[in-house]
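# Summary of structural features
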Amino acid sequence: MVGGFGVPGTPFCLIDELVRRNSRRLTLIKNDANEAGMGVDHLLRNGQVERLIVSHIGLNPHAIELMNAGRLAVEFCAQGILAERIRAAGAGLLGLLTDIGVETLLAQGKPVYQVDGRSCLLETPLRADVALIHAQRADPFGNLTYAASARNFSPLMAMAAKTVIVETEELVGLGDIAPEAIHTPGPFVDHVVPLGELTEAYGVVRR
Amino acid sequence: MSSADSNRFLRRASRELRPGLTVNLGIGLPTLLVDYLESGFPVCLHSENGIAGQGPAVPYERADRNLIDAGGAYVSTLPGTSFFDSATSFALVRGGRLDLTILGALQVAGNGDLANWTIPGRFTPGVGGGMELAQKARRVVVLCTHRDKRGQSKLVSQCSLPLTAPACVDRIYTEMAVIDITPEGMVLREIAEEHGIDEVVAATEAPLLIHENEIGRF
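Structure report, in brief. (Residues numbered from 1 in each chain as written. Chains lettered and ligands numbered in written order. Predicted model: local features only at pLDDT ≥ 70, side-chain atom pairs only at ≥ 80, totals over all residues.)

## What about the overall build of chain A?
Check the secondary structure of chain A and you find five helices and ten strands. The dimensions of chain A, computed from C-alpha atoms along their principal axes, are 55 × 40 × 30 Å. Looking at chain A as a whole, 50% of its 207 residues qualify as buried. In chain A, 69% of the contacts between residues at least 6 apart in sequence involve partners at least 24 apart. (Helix = DSSP H or I, 4+ residues; strand = E, 2+ residues; numbered from the N terminus. Buried ≥ 20, exposed ≤ 12 C-beta atoms within 10 Å, placed from the backbone. Contact = placed C-beta atoms within 7 Å.)

Okay, structure coming up:
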């Protein structure tokens, strides 16, 4: 799974490394597919992704093209339910019940239960082998903070993978992040990579 | 739709944004409503990617690379803005703290069914946060053109497109009319100055209840 919602929070350097390593037949869990030619689209172009679990790919026509051509399996999930499925995995839960999507296409194939007389769907947890996360600051214990709207799915994904790898804009000393300012506590994090100067990919996108 | 039409119905719809409400504006026409508010208007804008109290959009020169809204536009903070993760963002929606959402539509049915996320085979970008907004906001308002690009009415007896959420819409604003969804079906409340009731009826595929003496103009 890969953090980020659009550019903010997307770990571009870690994605580039995954492209370089050429790992194949990946299932990719991300809110969106970035934009054509950016971020996880490099994994799609390199044919590394077999299956995509997302809420939205509207900003990446290339991903839509692959999906329509039958070359990429895409599972759409309501955005907040995607977040909760990831959170559930991280929290060690075996599923969640929700009425979101009842009587829609997204209910297809999902078991239906009655709770207090209301129909709801069983949504399964989403756990990954690896989570790739972008942080604004990290310390050597793996405590993380995220900037502004770059937080999005990252704290949830940082709880929901066997191995959690973080790239950080700034690596600070232990104690340099105030305890109450930490967004992801260190015990969830396995590896931290300090970034050098940020590449253009992290910058403002002019459309 | 001329830009004058567009301006007037957007201005009318912007009156939905009352002081003190927490509001999510969908991508497209709904986002434009903030342009009709006076600066400093006390409404709390929510964005799915984890912002409450979102500030106005900013030009590229002043953009913060880490601060976008759910549509990808660069936005700003205000005194009181908060950031949070995606689970918290949708807890706000599903938990009943979102007072109002204003969404676009492909079709709305007389019973309030909304279809706005897919045209199978032609348009499949994914649902994003649309289902949760439509199903759980305390008030759901649709802002759309009265007809689609092919001239077909978007206000229909029954949606032929896959639903975003069943029976969720409270009110519809188009360039021609303001229409409420009631237990009896669609009720015409207001019409635009340059249109007659007959034109609105002709452009509306769903049955429209009309109380002639009570219809306002905008």
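Okay, back to it.
## So, the overall build of chain B
The helix and strand inventory of chain B stands at four helices and 16 strands. On C-alpha atoms alone, chain B measures out to a radius of gyration of 17 Å, which is about the 17 Å that the 2.2 N^0.38 rule sets for 218 residues. Expressed as lengths along the three principal axes of its C-alpha atoms, the size of chain B is roughly 50 × 35 × 30 Å. Per-residue burial over chain B gives 45% buried out of 218 residues. The long-range fraction of contacts in chain B, counting pairs at least 24 apart against all pairs at least 6 apart in sequence, stands at 64%. (Rg over C-alpha atoms; globule rule 2.2 N^0.38 Å.)

## Digging into the interface of chain B and chain A
Tallying the contact residues gives 35 residues for chain B and 37 residues for chain A. When contributions to the side of chain B that touches chain A are tallied by element, the ones reaching two or more residues are α2 (86–94) and α3 (130–136) of chain B. Here the side of chain B that touches chain A gets six residues from one element, more than from any other, and that element is α2(B). Looking at the side of chain B that touches chain A, its residues break down into 17 nonpolar, twelve polar and six charged. (Nonpolar A, V, L, I, M, F, W, Y, C, P; charged D, E, K, R; others polar.)

## As for the sheet that holds strand β1 (residues 26–29) of chain A
Residue and element names in this part refer to chain A. Here we have three strands laid out as an open sheet, ordered β1-β2-β3, and parallel in their pairing. With one partner strand each, in any of the chains shown, β1 and β3 (73–76) form the two edges of the open sheet. The mean angle between the axes of side-by-side strands here comes to 15°, regardless of whether they run parallel or antiparallel. Note that β1 and strand β2 (residues 49–54) share four bridges and pair parallel. Pairing of Thr27 across the sheet is with Arg51, part of β2. (Pairing = 2+ DSSP bridges. Axes fitted to C-alpha atoms, helices over the stretch in contact; angles between N-to-C directions.)

## A short note on the environment of B:Ala165
Residues and elements named next belong to chain B. Tracing the backbone shows Ala165 in the loop between β11 (155–156) and β12 (171–173). For the pair Ala165 and Tyr74, spaced 91 residues apart in sequence, the C-alpha separation works out to 29 Å. When sequence neighbours within four positions are dropped, the list of residues in contact with Ala165 reads Leu114, Met131, Ala134 and Gln135.

## Details of the environment of B:Thr77
Topologically, B:Thr77 is positioned in the loop between β5 (75–76) and β6 (82–83). Between the C-alpha atoms of B:Thr77 and B:Thr145, which are 68 residues apart in sequence, the distance is 31 Å.

## Quick word on the pairing of strand β2 (residues 44–47) of chain B
Put simply, side chains in a regular strand alternate between the two faces of the sheet. All names here are of chain B. The two faces of β2 match: Cys44 and His46 on one face and Leu45 and Ser47 on the other face are all buried. The sheet contact formed by strand β1 (residues 22–25) and β2 spans two bridges and is parallel. Within the sheet, the bridge partner assigned to Val23 lies in β2 and is Leu45. Here two bridges tie β2 to strand β3 (residues 51–52), and the two strands are oriented antiparallel to one another. Each residue of the ladder has a partner; that of Ser47, found in β3, is Ile51. Counting the residues in the hairpin turn of β2 and β3 gives three residues, including Gly50, whose phi is positive at 110°.

## Overview of the nonpolar core
Of all hydrophobic cores here, the largest spans 120 residues; its most connected members are A:Met1, A:Ile86, A:Ala131, A:Met157, A:Ala160, B:Leu114 and B:Val142. In contact with A:Ala160, other than residues within four places in its own chain, are A:Met1, A:Ile86, A:Ala89, A:Gly90, A:Leu126, A:Arg127, A:Ala128 and A:Ala131. (Core = buried A, V, L, I, M, F, W, Y, C linked by C-beta atoms within 7 Å.)

## Notes on unusual backbone geometry
What is expected of a backbone is that most residues other than glycine have negative phi and most peptide bonds are trans. The phi dihedral of A:Glu103 is positive, around 70°, even though this residue is not glycine. By secondary structure assignment, the location of A:Glu103 is in the loop between β4 (96–98) and β5 (112–115). Take A:Glu103: there are 14 C-beta atoms within 10 Å of it, and that puts it in the partly exposed class. The phi dihedral of B:Ala167 falls on the positive side, at around 40°, and the residue is not glycine. Considering the arrangement of structural elements, one finds B:Ala167 in the loop between β11 and β12.

## Here we look at the pairing of strand β14 (residues 185–191) of chain B
All names here are of chain B. For strand β13 (residues 177–182) and β14, the ladder comprises six bridges, and the chain directions are antiparallel. Looking at β14, one finds that Ile181 is bridged to Met186. With antiparallel pairing between neighbouring strands as the criterion, β13 and β14 make up a hairpin whose turn holds two residues. In the classification by handedness, the crossover that spans β14, the intervening helix α4 (residues 197–202) and the parallel strand β15 (residues 208–210) is right-handed. In terms of strand pairing, β14 meets strand β16 (residues 216–217) through two bridges, oriented parallel. Paired with Ile191 across the two strands is Arg217, which belongs to β16. (Right-handed = clockwise from strand over helix to strand, strands pointing away.)

## Side note on the sheet that holds β5(A)
Sheets are built from strands that pair by backbone hydrogen bonding, the pairs being arranged parallel or antiparallel. All names here are of chain A. Ordered in space as β4-β6-β5, the three strands form an open sheet in which the pairing is antiparallel. Each edge of the open sheet carries a strand with a single partner, namely β4 and β5. Between one strand and the next, the sheet's axes are offset by a mean angle of 45°, whatever the strand orientation.

## Some thoughts on helix α3 (residues 61–68) of chain A
Residues and elements named next belong to chain A. Restricting attention to buried positions, one finds in α3 the residues Ala63, Ile64, Leu66 and Met67. Down the axis of α3, the buried set is contained in an arc of 160°. They therefore lie on one face. Each element contacted by the buried residues of α3 is listed here: α2 (41–45) and β3. Once α3 ends, the next one or two residues include Gly70, with phi positive near 75°. (Arc of directions from axis to C-beta.)

## A word on the environment of A:Asp176
All names here are of chain A. On the secondary structure map, Asp176 appears in the loop between β9 (161–171) and β10 (191–194). Accessibility expressed as a C-beta count within 10 Å gives 12 for Asp176, which makes it exposed. Counting along the chain gives 126 residues from Asp176 to Glu50, while the straight-line C-alpha distance between them is 41 Å.

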